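# Chain and residue survey
Chain residues, written in single-letter form:
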Amino acid sequence: MSNKLNEEEINLIQKRREGLDDFLKERMPILKEFIEDLGYDEPHLVLLEAQRFIPSLSDYLKNQKIEDEDKNWITSILGYFIGEVFVQKYNGSWFLNEDANSHTFGKYLVGGFLGFDNASIDSFKVAIDYVNQNSISLETFILNIENDVFYKKIK
């Protein structure tokens, strides 16, 4: 495949680059407010210890019927949350994928994980998959992603 970007791809990347700072700034207040709205203690800790909220969110979500009109909202929140879980746990960061040959080109991903340099996660795609599957807990779902990305066995 060619590494040369066409005009549409160049425009997409430029727009996404320009939006990266706003994306990074908005995710934390959104997560804190979401945790706060659910009534959990010390909601500010989601900014530092997102993983501690997985069991509570898992319990909350298992009893929710997510209506179609709420799917975009909840997948956005969960995309931020799941991304933060992995960024915090594996010392990673959010980044814009500028590899035109990648199926996640132009998306904000999490990656750069300590000890797992080539691993990345499209946490918003993961959130969509979770919301659409509705058969296992968020806790199990995140554990499965973690096992697939970080601990899959090479055969």
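As the structure is a computational prediction, the values presented were derived from the model and not from experiment.

Reading guide: rules and limits
Counting of residues starts from 1 at the beginning of each chain's written sequence and follows it residue by residue. Owing to the predicted nature of the model, reporting of local features is limited to residues with pLDDT of at least 70; listing and counting of side-chain atom pairs is limited to 80 or more, with chain, interface and lining totals taken over all residues. The side-chain values count all of the structure's non-hydrogen atoms but skip hydrogen atoms and water molecules. When a residue's accessible area, from a 1.4 Å probe over protein chains only, is under 20% of the maximum for its type it is buried; when over 50% it is exposed; and in between it is partly exposed. Segments assigned H or I by DSSP are reported as helices when at least four residues long, segments assigned E as strands when at least two residues long, and all are numbered from the N terminus. The directions from the helix axis to the C-beta atoms are what the arc is built from. In protein, a polar contact means a hydrogen-donor-capable atom and an acceptor-capable atom, both N or O and within 3.5 Å, with residues adjacent in sequence counting only if both atoms are side-chain atoms; elsewhere, any N or O pair within 3.5 Å suffices. We call two residues in contact when some of their heavy atoms are within 4.5 Å. Axis definition: a line fit to C-alpha positions, over the contact stretch in the case of helices; interaxial angles, taken between N-to-C directions, run 0 to 180 degrees. Between 65 and 115 degrees an angle is taken as roughly perpendicular, under 35 as roughly parallel, over 145 as roughly antiparallel, and anywhere else as oblique. In this scheme, a crossing is called left-handed if the near helix is turned counterclockwise away from the far one by less than a right angle; it is called right-handed if the turn is clockwise. Following the grouping adopted for this structure description, the nonpolar residues are Ala, Val, Leu, Ile, Met, Phe, Trp, Tyr, Cys and Pro, the charged ones are Asp, Glu, Lys and Arg, and the polar ones are all others, Gly among them. To pair, rings of Phe, Tyr and Trp, with the six-membered ring standing in for Trp, must have centres within 6.5 Å; the planes then decide the type, stacked if under 30 degrees apart, edge-to-face if over 60, and tilted in the middle.

With that out of the way, let us pick up helix α2 (residues 54-62). Restricting attention to buried positions, one finds in α2 the residues Ile54, Leu57, Ser58 and Leu61. The buried residues of α2 occupy one face: seen down the axis, they fall within an arc of 105°.

Take Arg27: it is sitting in helix α1 (residues 7-37). Taking the relative accessible area as the measure of exposure, Arg27 reaches 13% and is therefore buried. In terms of polar contacts, Arg27 uses its side chain to reach the backbone carbonyl oxygen of Leu24, at 2.4 Å. Setting aside its immediate chain neighbours within four residues, Arg27 contacts Tyr80, Glu84 and Trp94.

Looking now at the packing of helix α3 (residues 68-89) against helix α4 (residues 123-133). Remark: α3 packs on α4, axes separated minimally by 8 Å, with the N-to-C direction vectors making an angle of 125°. Taken as axis vectors, α3 and α4 run oblique relative to one another. α3 and α4 meet at a crossing whose hand is right-handed. Contacts from Lys71, Ile74, Thr75, Ser76, Leu78, Gly79, Tyr80, Ile82 and Gly83 in α3 reach Ser123, Phe124, Val126, Ala127, Ile128, Tyr130, Val131 and Asn132 in α4. For the contact of α3 with α4, the class distribution of residues is 10 nonpolar, six polar and one charged.

Looking now at the packing of aromatic side chains. Enumeration over the complete set of coordinates arrives at 16 aromatic pairs. With centroids separated by 5.1 Å and ring planes inclined at 75°, the aromatic side chains of Phe113 and Phe150 adopt a geometry described as edge-to-face. With Phe113 in strand β2 (residues 108-113) and Phe150 in helix α5 (residues 138-150), this residue pair connects regions lying 37 residues apart in the sequence. For Phe113, a relative accessible area of 0% corresponds to the buried category. Look at Phe150 and Tyr151: their rings are 6.3 Å apart centre to centre, the planes differ by 55°, and that puts the pair in the tilted class.

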